[in-house]
Amino acid sequence: MDATAATALSQKNLLGIADLSPEEIVLVLDTAEAMKEVGRRAIKKVPTLRGRTVVNLFFEPSTRTRTSFEIAEKRLSADTLNVAIGTSSVVKGETLVDTALNIEAMAPSMIVLRHVSSGACHLLSRICKAAIINAGDGMHEHPTQALLDAFTIRERKGRIGGLKVAIVGDLLHSRVLRSNLLLLSKLGAEPWVCGPATLIPPGLRNLGVRVTTKVDEAVEGADVVMMLRMQLERMQGGYFPSLREYFRTFGMTQERVARAKPDVIIMHPGPINRGVEIASEVVDGPYSVILDQVANGVAVRMAVLYLLAGGADDETVA
Amino acid sequence: MKRLLRGARVVDPANLVDGQYDVLIDGERIAQIGRELPVDLADGGEVLDLPPGLVLCPGFIDMHVHLREPGQEHKETVATGVLSAVTGGFTAVACMPNTRPVNDNASVTQLILQKAREANLARVYPIGAVSRGQKGEELADIAELHEAGCVAVTDDGLPIATALLARRALEYTSMFGMPVIEHCEDQSLKGEGVAHEGPVAASLGLRGIPGVAEAITAGRDILLAEMTGGHVHIAHMSAWTTLEAVRQGKSRGVRVTAEVCPHHFTLTDDLLAAPVPYDTNAKMNPPLREARDRDAMLAGIVDGSVDVIATDHAPHHYDEKNVEFDRAPFGIVGLETAVSIALDRLVRPGLIRLPRLVELMSVNPARVLNVPGGSLAPGAVADITVLAPTLPVTIDRAALRSKSKNTPYHGWSFTGGVAATFVAGRLVFANPASGWPGRG
Ligand SMILES: [Zn+2]
């Protein structure tokens, strides 16, 4: 092992990629490889988190992220509790702080939080003893998504540094984008972003990323093309005139993919809007790794849970 | 009763006074300012020999304060608000109409004035609503508000909804010599924004409010003031583009005045990211902006294009601020930190001298609102702020007299503070740490 390699995470929580060093990111990815191996066993379970409670606190519906965390927790033998709170009940009900304090009273080891407000995980980390894992906070970060994307890229390409990664879609509201940009920059990739000018936040250029509104320019010679989900309400918000026009201008078609490197991989964090941001032929095409991303999500989340539990002395997964 | 204050520097720019003078107060008014005034206190007056280094100024007036009464007394009341004011060196405050109910009629104005009389500390000047219920539809009964004691009108919290309503307000208020105070913010550009639109909001994933959302409304109202001859006062200016609009208006002779808050000339949106990420005490409206904007506010203070320093004192209960950033209300308290910030960040580094500070915090707000004060001439009201420019001050939110503690300056240290506050000749606040003589 490299002398500078990290063997544990320096932070108690995973609030965002912003808090991770490049070495820590590599540690998570390496650990996820061991976890992926556990997933191939007949009995996909290790006792790492036995006797510990992990609460999945979801203030926003997200079947896929919650399920992925839940499987990861179960494979690590944690006691899992799912708390789903609809946005409507928050409005009239108790505050996030009160909800968190109630959950905290049950002494969980970790809280996996998904919330509509940017910074909700920071707020929770200031009042909870439990470790907080950010499963997506507003428009801010979605660190486990970026980690599983990086894992998938590394698995296919053998590296991350030096790759041209084109990210196309809603750059303004996407937490997946923020986490991915931070991670890709930390590991030395060359990220390009592309989207309608109305959905490019000011200051994006300051983050050391190439910005373009021409999708062909972004895709040209790319090693990785990552599509972001385009939500219908963005059209209603007047950011672009119609879904048809959006697909025409920014949609990922086979013709556009042809501009990328021959061994390009196409990624999407899901859920997919076929025919809006991406053509069906591309989703189902040979270069699509979208289902690998889903599978890798479990391994990466196991790695995060394991490392935050301080499980470096656990031998069962080595 | 007479009271002779000796040994302080007197800074009274309205009368071109700056030097060591004695100040004689007779009852509620200034009797005389001079050197070695004879001590003749026949009917039981007192002589106060002040410790060296204190500065006597005409009373500071904070023309942008939210006292929250009626309707939101859990945040602040008139009584706690004026206690906070005199503790912070303000002898008068003007309070915004966005109470519940809105101050859009004489009965609300009278209630506020009644509470102020009962509290009997700082003077309180109510500001009425421009539009009925601050709904932006029709003018409130502005003549009635004026008669009841309102000194200006505003729909603060919101801009005046339409250019037409702003025009009518500027025309109508000119009959009473009242300014229209504008909270400049194009609502469509603000949208759901909660922070300044820029790199910090982009990296934190917070919806942005661009600086030009402010400048567009300011530009609209400056043009309307020019057309109508009315007086528009730009509240809590925060963006460099707004300052440019104000400068252009002034250079054309438009009746436009403008205020800046201490947080907008000291802080930037970096405070949203560190030291406490998503600190709701760094959330206010207009938002903390970028260094370029902050530096422009300082430049405007220095070159005279800023007329007034006001606090936008906006108390909120702890529970209301202890929530997700985008759900927290906008605003911070400001009455008890403004003087220390201004002395430390403007006067101490030599950006401005004390007479200019007194213009910004006393002379000019009195002129904008057309209220007593801003002068220590014989016969003027004896509203006096006594500064201690070298006093070390550390802000402690627990020690604030305001009912709310929502300040971003907790734990900050400044050089300069308030030694004492006189309202109508009466000592209403004295700070023992300043060496103020006698009972504190
Ligand atoms: Zn305002």
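Owing to the predicted nature of the structure, the values given are computational and were not obtained by experimental measurement.

### With respect to the overall build of chain B
Part 1 of the reasoning: The number of helices and strands found in chain B is 13 helices and 19 strands.
Part 2 of the reasoning: On C-alpha atoms alone, chain B measures out to a radius of gyration of 21 Å, which is about the 22 Å that the 2.2 N^0.38 rule sets for 440 residues.
Part 3 of the reasoning: Across its three principal axes, chain B shows a C-alpha extent of roughly 65 × 50 × 40 Å.
Part 4 of the reasoning: Residues counted as buried form 62% of the 440 residues belonging to chain B.
Part 5 of the reasoning: A separation threshold of at least 6 residues defines the contact pool for chain B, and within that pool the share at least 24 residues apart is 75%.
Part 6 of the reasoning: Accessible surface computed for chain B: about 15500 Å², of which carbon and sulfur atoms make up 51%.
Part 7 of the reasoning: Of the side-chain charges in chain B, 40 are positive and 52 negative, and the distance between the mean point of each set is 2 Å.

### Details of the interface of chain B and chain A
Part 1 of the reasoning: In this complex, chain B contributes 18 residues to the contact, which on the side of chain A involves 21 residues.
Part 2 of the reasoning: Taken together, the two surfaces of chain B and chain A that pack against each other cover about 1600 Å², and 57% of this comes from carbon and sulfur.
Part 3 of the reasoning: Where chain B meets chain A, there are zero salt bridges.
Part 4 of the reasoning: In terms of residue class, the side of chain B that touches chain A is made up of nine nonpolar, four polar and five charged.

### Thoughts on the side chain of Arg-356 of chain B
Part 1 of the reasoning: Tracing the sequence through the fold places Arg-356 of chain B in helix H13 (residues 354-369).
Part 2 of the reasoning: The residues contacting Arg-356 of chain B, other than those within four sequence positions of it, are Gly-300, Ile-301, Gly-304, Val-306 and Asn-364 of chain B.

### Examining the domain arrangement of chain B
Residue and element names in this part refer to chain B.
Part 1 of the reasoning: What the domain assignment lists for chain B is domain 1 (2-56 + 380-395 + 410-434) and domain 2 (59-369).
Part 2 of the reasoning: At the junction of the two partners, domain 1 supplies 27 residues and domain 2 supplies 28 residues.
Part 3 of the reasoning: A buried area of about 2200 Å², summed over both sides, lies between domain 1 and domain 2, and 67% of it is on carbon and sulfur atoms.
Part 4 of the reasoning: Inspection of the domain 1/domain 2 interface yields one salt bridge.
Part 5 of the reasoning: The salt bridge involving Asp-383 is made with Arg-123; its shortest N-O contact spans 2.5 Å.
Part 6 of the reasoning: Among the elements that make up the side of domain 1 that touches domain 2, the one with the highest residue count is strand S18 (residues 413-423) (eight residues).

### Quick notes on the side chain of Thr-154 of chain B
All names here are of chain B.
Part 1 of the reasoning: Checked against the element boundaries, Thr-154 lands in strand S10 (residues 153-154).
Part 2 of the reasoning: Accessibility expressed as a relative area gives 0% for Thr-154, which makes it buried.
Part 3 of the reasoning: What Thr-154 contacts, discounting residues up to four positions off in sequence, is Met-96, Pro-97, Ile-127, Gly-128, Ala-129, Val-130, Gln-134, Ile-181 and Glu-182.

### Here we look at the coordination of the zinc ion
Around a metal, the idealised angle for a tetrahedral arrangement of four donor atoms is 109.5 degrees; for an octahedral arrangement of six donor atoms it is 90 or 180 degrees.
Residue and element names in this part refer to chain B.
Part 1 of the reasoning: Looking at the metal site, the zinc ion is ligated by Asp-156 (OD), His-183 (ND1) and His-236 (NE2), spaced 2.0 to 2.2 Å from it.
Part 2 of the reasoning: Mapping the donors of the zinc ion onto the primary sequence gives the spacing D-x26-H-x52-H. Here His-183 is found in the loop between strand S11 (180-182) and helix H5 (187-190), whereas its partner His-236 is found in the loop between strand S14 (232-234) and helix H8 (240-251), with 53 residues between them in sequence. In this structure, His-183 and His-236 share a single accessibility class: buried.

### Observations concerning the pairing of strand S2 (residues 79-84) of chain A
Taken residue by residue, a regular strand's side chains alternate between the two faces of the sheet.
Part 1 of the reasoning: As paired strands, strand S1 (residues 53-58) of chain A and S2 of chain A are joined by six bridges and run parallel to one another. Residue pairing across strands places Leu-57 of chain A opposite Val-83 of chain A, the latter belonging to S2 of chain A.

### As for the packing of aromatic side chains
Part 1 of the reasoning: As enumerated under the stated definition, the model contains eight aromatic pairs over all chains in all.
Part 2 of the reasoning: Taking the centre distance of 5.1 Å and the plane angle of 40° together, the rings of Phe-240 of chain A and Tyr-246 of chain A count as tilted. Tyr-246 of chain A shares its class with Phe-240 of chain A; the two are buried.
Part 3 of the reasoning: Geometrically, the ring pair formed by Tyr-278 of chain B and Phe-325 of chain B is edge-to-face, given 6.5 Å between the ring centres and 70° between the ring planes. Here Phe-325 of chain B lies in the loop between helix H11 (318-321) and helix H12 (338-347) and Tyr-278 of chain B lies in the loop between helix H9 (262-266) and helix H10 (291-303), a separation of 47 residues in the sequence. Across the pair, exposure class does not vary: Tyr-278 of chain B and Phe-325 of chain B are buried alike.
Part 4 of the reasoning: Linked through ring pairs, Phe-240, Tyr-246 and Phe-250 of chain A together constitute an aromatic cluster.
Part 5 of the reasoning: Positioned over the ring face of Phe-325 of chain B is Lys-283 of chain B, at 5.5 Å from the centre of the ring.
Part 6 of the reasoning: The ring of Phe-330 of chain B carries the charged tip of Lys-283 of chain B above its face, separated from the ring centre by 4.7 Å.

### Section: unusual backbone geometry
Part 1 of the reasoning: Residues Gly-270 of chain A and Pro-271 of chain A are joined by a peptide bond in cis, for which omega reads -10°.
Part 2 of the reasoning: In this structure, Pro-271 of chain A sits in the loop between strand S9 (265-267) and helix H12 (280-283).
Part 3 of the reasoning: The linkage connecting Glu-69 of chain B with the following residue, Pro-70 of chain B, adopts the cis geometry, with an omega of 5°.
Part 4 of the reasoning: In this structure, Pro-70 of chain B sits in the loop between strand S6 (60-65) and helix H1 (78-87).
Part 5 of the reasoning: The residue Arg-68 of chain B is not glycine, and still its phi comes out positive at about 70°.
Part 6 of the reasoning: Note that Arg-68 of chain B resides in the loop between S6 and H1.
Part 7 of the reasoning: For Arg-68 of chain B, a relative accessible area of 7% translates into the label buried.

### Some details on the sheet that holds strand S3 (residues 110-115) of chain A
All names here are of chain A.
Part 1 of the reasoning: Taking strand neighbours across the sheet as the criterion, the four strands line up as S2-S1-S3-S4 in an open arrangement whose pairing is parallel. With partners counted over all chains shown, the strands left at the sheet margins are S2 and strand S4 (131-137), one partner each. Recorded for the sheet is a direction-independent mean angle of 15° between the axes of neighbouring strands.
Part 2 of the reasoning: Across the sheet, helix H13 (residues 290-308) lies against S1, S3 and S4, angled at about 150° from S4, the strand it touches most.

### Notes on the packing of H12 of chain B against H13 of chain B
All names here are of chain B.
Part 1 of the reasoning: Close contact between H12 and H13 brings their axes to 11 Å; oriented N to C, the two are set at 140°. Taken together, the axes of H12 and H13 are oblique relative to one another. Handedness of the crossing formed by H12 with H13: right-handed. Of the residues in H13, those in contact with Ala-338, Val-339, Ala-342, Leu-343, Leu-346 and Val-347 of H12 are Leu-354, Leu-357 and Met-361.
Part 2 of the reasoning: Taken together, the residues of the contact of H12 with H13 break down into nine nonpolar, no polar and no charged.

### A few points about H10 of chain B
Residue and element names in this part refer to chain B.
Part 1 of the reasoning: Between its first and last C-alpha, H10 extends 18 Å over 13 residues, near the 18 Å set by a 1.5 Å rise per residue.
Part 2 of the reasoning: Restricting attention to buried positions, one finds in H10 the residues Asp-293, Ala-296, Met-297, Leu-298, Gly-300 and Ile-301.
Part 3 of the reasoning: Here the buried face of H10 lies against strand S12 (195-196), H8, strand S15 (256-260), H9, H12 and H13.
Part 4 of the reasoning: Residue Gly-304 follows H10 closely and has a positive phi angle near 95°.

### Here's the deal with the pairing of S15 of chain B
All names here are of chain B.
Part 1 of the reasoning: Where burial is concerned, most of S15 is hidden: five out of the five residues are buried.
Part 2 of the reasoning: Residues Val-256, Ala-258 and Val-260 of S15 are buried on one face, and the alternating residues Thr-257 and Glu-259, pointing to the opposite face, are buried as well.
Part 3 of the reasoning: In the classification by handedness, the crossover that spans S14, the intervening H8 and the parallel S15 is right-handed.
Part 4 of the reasoning: Judged from the two bridges that link them, S15 and strand S16 (residues 308-309) form a sheet pairing that is parallel. Bridging across to S16, Val-260 finds its partner in Ile-309.

Here is what the cut-offs are and how they apply
Residues numbered from 1 in each chain as written. Chains lettered and ligands numbered in written order. Predicted model: local features only at pLDDT ≥ 70, side-chain atom pairs only at ≥ 80, totals over all residues. Heavy atoms only, no water. Helix = DSSP H or I, 4+ residues; strand = E, 2+ residues; numbered from the N terminus. Rg over C-alpha atoms; globule rule 2.2 N^0.38 Å. Buried < 20%, exposed > 50% of the residue type's maximum accessible area, 1.4 Å probe, protein only. Contact = heavy atoms within 4.5 Å. Areas by Shrake-Rupley, 256 points an atom, 1.4 Å probe, with all protein chains shown as cover. Lys, Arg positive; Asp, Glu negative; His and termini not counted. Charge placed at Lys NZ, Arg CZ, Asp CG, Glu CD. Buried area = accessible area lost by both parts, 1.4 Å probe. Salt bridge = Lys/Arg side-chain N within 4 Å of Asp/Glu carboxyl O. Nonpolar A, V, L, I, M, F, W, Y, C, P; charged D, E, K, R; others polar. Domains from an automatic or database assignment. Donors = N, O, S within 2.8 Å, 3.2 Å for Na, K, Ca; no water. Pairing = 2+ DSSP bridges. Phe/Tyr/Trp six-rings, centres within 6.5 Å; stacked < 30°, edge-to-face > 60°. Lys NZ or Arg CZ within 6 Å of the ring centre and 35° of its normal. Axes fitted to C-alpha atoms, helices over the stretch in contact; angles between N-to-C directions. Parallel < 35°, antiparallel > 145°, perpendicular 65-115°, else oblique. Left-handed = near helix turned anticlockwise from the far one by under 90°. Expected span 1.5 Å × (residues − 1). Right-handed = clockwise from strand over helix to strand, strands pointing away.

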